[in-house]
Amino acid sequence: NAGVMQNPRHLVRRRGQEARLRCSPMKGHSHVYWYRQLPEEGLKFMVYLQKENIIDESGMPKERFSAEFPKEGPSILRIQQVVRGDSAAYFCASSPSAVTGGEKLFFGSGTQLSVL
Amino acid sequence: TQLLEQSPQFLSIQEGENLTVYCNSSSVFSSLQWYRQEPGEGPVLLVTVVTGGEVKKLKRLTFQFGDARKDSSLHITAAQPGDTGLYLCAGPKGGKLIFGQGTELSVKP
């Protein structure tokens, strides 16, 4: 059973470019969560998706950021016109059901985005 | 403001010492989880506590959920260098998992 797969592991972009981060959840998982982490900090929730639907995007900036989880293929976190402040580690997690009490999240190894 | 407050934020100890990490909130949680994260990797679940007052042991790690389900603690006995990492508590709110800011633990041989 493959775990949560994220790619690329490292992504370097210049200011103004677009960054696309991909996440393939574990087999059988239809719930995907994206988190952002700065050095020596915890994980900040960004967006929660369930196949083809955005359930909660309250943690995602309204400008420049978007996320999707199509019927076929991986979930994509897209950052347009990146700025230096977007540099961070972005983690994807998946679960077979919504997190309400006790459910475990399975995390990928993250994508480290560096904006030059 | 952080919904889950962890303390201390940084802890550096010698091998063999004991330590306790705290996770506190003003909100009630249906459950709390503890994750451990190593550099360059995603967090990995250590334990889930569900019942107020519950105590769970995982080898040298002891986890406790407060009676009022607003706080939790992680106690490590006789810490080893392999325990080094970022320890995160997390709880479900509004259908998503909310994380504390983490405790960075360094155990020196």
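Summary of the structure given here. (Residues numbered from 1 in each chain as written. Chains lettered and ligands numbered in written order. Predicted model: local features only at pLDDT ≥ 70, side-chain atom pairs only at ≥ 80, totals over all residues. Heavy atoms only, no water.)

Helix and strand counts for chain B come out as 0 helices and 11 strands. Reading chain B from its N end, one meets helices and strands in the order β-β-β-β-β-β-β-β-β-β-β. For 109 residues, the compact-globule estimate of 2.2 N^0.38 gives 13 Å, and the C-alpha radius of gyration of chain B, at 13 Å, lies within 12% of that figure. Taken along its principal axes, the extent of the C-alpha atoms in chain B is 40 × 30 × 20 Å. (Helix = DSSP H or I, 4+ residues; strand = E, 2+ residues; numbered from the N terminus. Rg over C-alpha atoms; globule rule 2.2 N^0.38 Å.)

Turning our eyes to something else, we now look at the interface of chain A and chain B. Opposite the 24 residues of chain A that make contact, chain B presents 23 residues. In total, chain A and chain B occlude about 1700 Å² of area from one another, counting both sides; carbon and sulfur atoms represent 54% of this. Remark: the boundary between chain A and chain B carries 1 salt bridge. Two residues, Lys96(B) and Asp56(A), come together in a salt bridge whose shortest N-O distance is 2.8 Å. Joining chain A to chain B, the criterion identifies 8 residue pairs in polar contact (both at pLDDT 80 or more). (Contact = heavy atoms within 4.5 Å. Buried area = accessible area lost by both parts, 1.4 Å probe. Salt bridge = Lys/Arg side-chain N within 4 Å of Asp/Glu carboxyl O. Polar contact = N/O pair within 3.5 Å; in protein donor to acceptor, adjacent residues only side chain to side chain.)

All names here are of chain A. Tracing the backbone shows Gln6 in strand E1 (residues 5-7). Owing to a relative accessible area of 8%, Gln6 belongs among the buried residues under this scheme. At 3.0 Å, the side chain of Gln6 and the backbone oxygen of Tyr90 are in polar contact. Beyond its immediate stretch of four places on either side in the chain, Gln6 contacts Arg22, Cys23, Trp34, Tyr90, Phe91, Cys92, Gly108, Ser109, Gly110 and Thr111. (Buried < 20%, exposed > 50% of the residue type's maximum accessible area, 1.4 Å probe, protein only.)

Here the focus is unusual backbone geometry. Cis geometry marks the peptide bond from Asn7(A) to Pro8(A), where omega comes out at 0 degrees. The residue Pro8(A) is located in the loop between E1 and strand E2 (10-13) in this model. Cis geometry is found at the peptide bond from Ser7(B) to Pro8(B), where omega equals -10 degrees. Residue placement: Pro8(B) occurs in the loop between strand E1 (5-7) and strand E2 (10-14). Within the chain, Arg69(B) stands out as a residue other than glycine whose phi angle is a positive 60 degrees. Here Arg69(B) lies in the loop between strand E7 (61-65) and strand E8 (71-76).

A complete count under the given rule lists 8 aromatic pairs over all chains for this structure. With 4.4 Å between their ring centres and 10 degrees between their planes, Tyr33(A) and Tyr48(A) make a pair best called stacked. A residue pair is termed long-range when its members are at least 10 positions apart, and Tyr33(A) in strand E4 (residues 31-37) and Tyr48(A) in strand E5 (residues 43-50) qualify at 15 residues. A relative accessible area of 4% places Tyr48(A) in the buried class. Ring geometry for Tyr35(A) versus Phe107(A): centroids 5.9 Å apart, planes at 50 degrees, classification tilted. One end of the pair, Tyr35(A), is in strand E4; the other, Phe107(A), is in strand E10 (residues 106-107), with 72 residues separating them in the sequence. Residue Phe107(A) is classed as buried on the basis of its relative accessible area of 12%. Joined through ring pairs, the aromatic side chains of Tyr35(A), Phe45(A), Phe107(A), Tyr35(B) and Phe99(B) make up one cluster. Seen from the ring of Phe29(B), Lys93(B) lies directly overhead, with NZ or CZ sitting 4.7 Å from the centre. The ring of Phe45(A) has Lys96(B) sitting right over it, with the charged end atom 5.1 Å from the ring centre. (Phe/Tyr/Trp six-rings, centres within 6.5 Å; stacked < 30°, edge-to-face > 60°. Lys NZ or Arg CZ within 6 Å of the ring centre and 35° of its normal.)

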